[in-house]
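What follows is each chain in one-letter form.
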Amino acid sequence: MKKETVADNLKLLQKGSGKLYLLCIIVGALTGFTVSLYRWALNYANHFREFIVKNSLSEGTLTIFLIWISFILIGLIIDYISKKYPKISGSGIPQVKGILLRKLDYVNWFQELIAKFIAGLMSIGAGLSLGREGPSVQLGSYIGFGITKIFKRDSIEKKYLVTSGSSAGLAGAFGAPLSGVMFALEELHKYISAKLLICTFLASIASDFVGRRMFGMDTSFNLIANYPKNINPYYQFILYIILGIVIAFFGKLFTLTLIKVQDKFKELKISRWIKISFVMSTSLLFCYFLPEVTGGGHELVEEMAGGNRTIQLLILIFLAKLFFTALCYATGFAGGIFLPMLVLGAIIGKIYGLTLIKYLGVGLDFVPHFMVLGMAGYFVAVVRAPITGAVLILEMTGNFDHLLALVTVSVVAYYVTELLGLEPIYEILFKRMPKDTPMKEEDSGKKTIITVPVMAESELDGKTISEIKWAEDVLVVAICRNEHEIIPKGNSVIESGDVLTLLLPEVKVYEMKEILYKQGNTK
């Protein structure tokens, strides 16, 4: 296999993007089909679970016992798959971040894709409180990675294709193409470039197009939530601020619970098969006695909009859903926390709305409205991606009347969470990935190129090339400013909005890329 030289890497800067954009469309279409198949299979599995649980009540204890044994066997099978392919564990979003930071590699990408699909289907199908969105994002990243290998694309284009697949995965999971784009930019990369924007848009639109051929044009949530227009807007604004503050504290509760339960699950000195059996038994008990907390919770949100559950019952459902989600995620089974987060936010929103009705006499139309705001605010409080949170809920509900309220709650939740000193959940989970997961690579002497965006008031902003203390072996080879390439000199001034192209040894990318990104983003 031919080794990449420095000259080869520099040539990558000048080549066109037509083939890359075409491959992004292919990645998006394939991801859309795969994720849509995954959604369809999950719907079937959930209906089948509900059917056998309901019928077993009239068939006697022997049938219930056989179902219990089946649940435990399913858990042990999932655990075996997860041990064989450790990169499929959890939501998959931390692994995607690892790929983009070049700290991971999908060595057996196709086998892992199949394993993720099957393990996620079995986990959520067995009633575990996990979501489909994280696995969908990782499935898309596998497809993007696979296209890179099949078409022998370089390391730079791999970043765009994996990101495109990830954004297409989220777009396909929720029928929300704009959210897929924003998630890739705001959460995975944390910066915007023209090429990255085009790649993610093409892939997300292609994914959404394929998904709508299978699921129709309806929004992800069949939720009628009218904006209450007969209330004083200043009064409403105060209510939104209060909700944002409340949501922020519950967001911290979610993060702390998830991490604490994960730690306790690992520290518990009993056989793993007993732990798995306990989790699967708990899932079966909830299927019989509190089915609202099983699965991702999509149907629960739609039911709550018009349901008559009391505040006390909603608090019980919230606590059960919170701890069951944390317990399920602690197993390391394939499944995300994205959808359960939205469900918990909707529950808080409904409790808030019912409380306003009881004590302030507001109208019933406030309840679904605050459920929508609760979903967005809770997502922002936990993930710390305010634009993605607002856009996602708008696309999932199809009602843009809520835009101002969504943005208000999201900004307040973001700010209060920042004051609480809580890291974004996916950053925490990325740092907590098993130590044997990162890709090991020997020093081959090869050089590679990375790009680093420069934000306003960052450590690099306003300084000349010579003023920066670059790490050893790091060379600035180009400055991209307003889509024009500048050959840098020692006295070249770096400006906010620039994208620096750096040449460094491939073996140092894993330790240096995050450091260089922080130089360009914070001061």
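The model shown is predicted, which means the values in this text are computed figures rather than measured ones.

S.K.: Before we go on, may I ask you to explain the pairing of strand S1 (residues 447-453) in this structure?
M.R.: Each regular strand displays side chains that alternate between the two surfaces of the sheet. Across the seven residues that make up S1, a large majority, six, are buried. Pairing of S1 with strand S4 (residues 499-505), which is carried by seven bridges, proceeds in the antiparallel orientation. Along S4, the bridge assignment pairs Pro453 with Val499.

S.K.: It is not clear to me how a nonpolar patch on the surface should be interpreted in this structure. Could you clarify?
M.R.: A contiguous nonpolar patch, built from Leu62, Phe65, Leu66, Trp68, Ile69, Leu73, Leu76, Leu268, Ile270, Trp273 and Ile274 and spanning about 1000 Å² of accessible area, is present on the exposed surface. Going through the elements one at a time, helix H3 (61-84) and helix H11 (272-289) are the ones with two or more residues in the nonpolar patch. With seven residues, H3 is the largest single contributor of residues to the nonpolar patch. You can see Leu268 is positioned in the loop between helix H10 (233-267) and H11.

S.K.: I'm lost on the domain arrangement of the protein chain in this one. Help?
M.R.: When the parts of a complex come together, some accessible area is lost, and that lost area is often taken as the interface size. Each assigned domain of the protein chain is listed here: domain 1 (17-215), domain 2 (233-272 + 285-432) and domain 3 (447-520). Relative to domain 3, the C-alpha centre of domain 2 lies at a distance of 39 Å.

S.K.: Explanation requested: the confidence of the model for the protein chain in the structure shown.
M.R.: Parts of the prediction with low pLDDT should not have their coordinates interpreted in detail. For the protein chain, the mean per-residue pLDDT works out to 86, and 92% of the residues sit at or above 70. When mean pLDDT is compared element by element in the protein chain, H11 scores highest at 96, while helix H1 (residues 6-11) scores lowest at 50. Segment residues 436-443: pLDDT under 50, and 14 contacts once partners within four positions in sequence are set aside and those in other chains are kept.

S.K.: Quick question: what am I supposed to make of helix H15 (residues 366-383) here?
M.R.: The α-helix advances 3.6 residues per turn, and as a result positions three or four apart in sequence lie on the same side. Given a rise of 1.5 Å per residue, 18 residues ought to cover 26 Å, and the 26 Å separating the end C-alpha atoms of H15 matches this to within 8%. Of all 18 residues in H15, 18 are buried; the element is thus mostly enclosed. In the stretch just after H15, Arg384 is the one whose phi turns positive, near 65°.

S.K.: Can you walk me through the packing of helix H2 (residues 18-59) against helix H6 (residues 133-150) in this structure?
M.R.: It is at 9 Å that the axes of H2 and H6 come closest, and there the two elements cross at 140°. Classified by the angle their axes make, H2 and H6 are oblique. Here H2 and H6 pass one another in a crossing that is right-handed. Counting all contacts with H2, which are made through Leu23, Ile26, Val27, Leu30, Thr31, Thr34, Val35 and Tyr38, the residues of H6 involved are Pro135, Ser136, Leu139, Gly140, Ile143, Gly144 and Ile147. Grouping the amino acids of the contact of H2 with H6 by side-chain chemistry returns ten nonpolar, five polar and no charged.

S.K.: Where do I start with the packing of H2 against H3 in this structure?
M.R.: Helices that pack against each other are described as a pair by the angle of their axes relative to one another and the distance between those axes. Here H2 crosses H3 at 150°, and the two axes come no closer than 8 Å. Residues Arg49, Ile52, Ser56 and Glu59 of H2 lie in contact with H3, whose contacting residues are Thr63, Ile64, Ile67 and Phe71. Looking at the contact of H2 with H3 residue by residue, the class counts come to four nonpolar, two polar and two charged.

S.K.: What is the right way to look at the layout of surface pockets in this model?
M.R.: Gaps between atoms show up when a probe of the same size as a water molecule is rolled over them. Roughly 960 Å³ of internal volume is contained in the largest pocket. As for the largest pocket, its lining consists of 42 residues, and the residues nearest its centre are Asn43, Asn46, His47, His298 and Glu299. Those elements giving two or more residues to the lining of the largest pocket turn out to be H2, helix H7 (155-174), helix H9 (194-215), H11 and helix H12 (298-306). Taken together, the residues of the lining of the largest pocket sort by class into 14 nonpolar, 16 polar and twelve charged. Two domains each put at least three residues into the lining of the largest pocket: domain 1 (17-215) and domain 2 (233-272 + 285-432).

S.K.: Can you walk me through the pairing of S4 in this structure?
M.R.: Burial of S4 is extensive: seven of the seven residues sit out of reach of the surface. In this structure, strand S2 (residues 475-481) lies alongside S4, joined through five bridges in antiparallel fashion. What sits directly across from Cys480, in S4, is Val499.

S.K.: Before we go on, may I ask you to explain the pattern of salt bridges in this structure?
M.R.: Note that side chains of opposite charge can pair when their charged atoms are close. Applying the stated criterion across every chain, the model contains 13 salt bridges. Residue Lys83 pairs with Asp79 through a salt bridge whose shortest N-O separation is 3.5 Å. Taken together, the residues span about one helical turn, with Lys83 and Asp79 both in helix H3 at a distance of four residues. A relative accessible area of 7% means that Asp79 is categorised as buried. Lys97 serves as the salt-bridge partner of Glu187, at 3.6 Å between the closest nitrogen and oxygen. Of this pair, Glu187 sits in helix H8 (residues 177-189) while Lys97 sits in helix H4 (residues 93-100), and the two are 90 residues apart along the sequence. Neither residue differs from the other here; Glu187 and Lys97 are each classed as buried. In the salt-bridge network here, residues are joined through shared partners; they are Asp79, Lys83 and Arg272.

S.K.: Would you mind showing me how to read the state of the cysteines here?
M.R.: Using the criterion set out here, one finds zero disulfides in the structure. Cys328 takes part in no disulfide bond, and the closest cysteine sulfur, belonging to Cys287, lies 10 Å away. Distance from the sulfur of Cys480, which forms no disulfide, to the nearest cysteine sulfur (Cys199) is 14 Å. Since its relative accessible area comes to 27%, Cys480 is described here as partly exposed.

S.K.: Which parts of the structure should I look at to understand unusual backbone geometry?
M.R.: For residues besides glycine, phi is generally negative; the peptide bonds are generally trans as well. We note that Lys152 has phi near 55°; this positive angle belongs to a residue other than glycine. Position of Lys152 relative to the elements: it lies in the loop between H6 and H7.

S.K.: Help me out: how do you make sense of the packing of aromatic side chains in this one?
M.R.: Throughout the structure, instances matching the rule amount to 14 aromatic pairs. Ring geometry for Phe183 versus Phe338: centroids 6.1 Å apart, planes at 70°, classification edge-to-face. With Phe183 in helix H8 and Phe338 in helix H14 (residues 338-360), the pair connects residues that are 155 residues apart, well separated along the chain. Residue Phe183 is classed as buried on the basis of its relative accessible area of 0%. With relative accessibility at 0%, the residue Phe338 sits in the buried group. Ring geometry for Phe338 against Phe379: centres 4.8 Å apart, planes inclined by 50°, an arrangement best described as tilted. In this pair, Phe338 is assigned in helix H14 and Phe379 in helix H15, connecting sequence segments 41 residues apart. Residue Phe379 is classed as buried on the basis of its relative accessible area, which comes to 1%. Counting every residue linked through ring pairs, the aromatic cluster contains Phe174, Phe183, Phe338 and Phe379. Taking the ring centre of Phe209 as reference, the NZ or CZ of Arg213 above it sits at 4.5 Å. The lysine or arginine in question, Arg384, covers the ring of Tyr414, its NZ or CZ lying 4.8 Å from the ring centre.

Thresholds, definitions, all that
Residues numbered from 1 in each chain as written. Predicted model: local features only at pLDDT ≥ 70, side-chain atom pairs only at ≥ 80, totals over all residues. Heavy atoms only, no water. Buried < 20%, exposed > 50% of the residue type's maximum accessible area, 1.4 Å probe, protein only. Helix = DSSP H or I, 4+ residues; strand = E, 2+ residues; numbered from the N terminus. Pairing = 2+ DSSP bridges. Patch = residues over 30% accessible without salt bridge, like charges linked within 9 Å, V, L, I, M, F, W, Y side chains within 5 Å. Areas by Shrake-Rupley, 256 points an atom, 1.4 Å probe, with all protein chains shown as cover. Salt bridge = Lys/Arg side-chain N within 4 Å of Asp/Glu carboxyl O. Domains from an automatic or database assignment. pLDDT = per-residue confidence, 0-100. Contact = heavy atoms within 4.5 Å. Expected span 1.5 Å × (residues − 1). Axes fitted to C-alpha atoms, helices over the stretch in contact; angles between N-to-C directions. Parallel < 35°, antiparallel > 145°, perpendicular 65-115°, else oblique. Left-handed = near helix turned anticlockwise from the far one by under 90°. Nonpolar A, V, L, I, M, F, W, Y, C, P; charged D, E, K, R; others polar. 1 Å grid on protein atoms, 1.4 Å probe; cavity = no way out; pocket = protein on both sides within 12 Å on 5 of 7 lines; lining within 4 Å. Points joined across faces, edges and corners; volume = space filled by probe spheres on them. Disulfide = S-S within 2.5 Å. Phe/Tyr/Trp six-rings, centres within 6.5 Å; stacked < 30°, edge-to-face > 60°. Lys NZ or Arg CZ within 6 Å of the ring centre and 35° of its normal.

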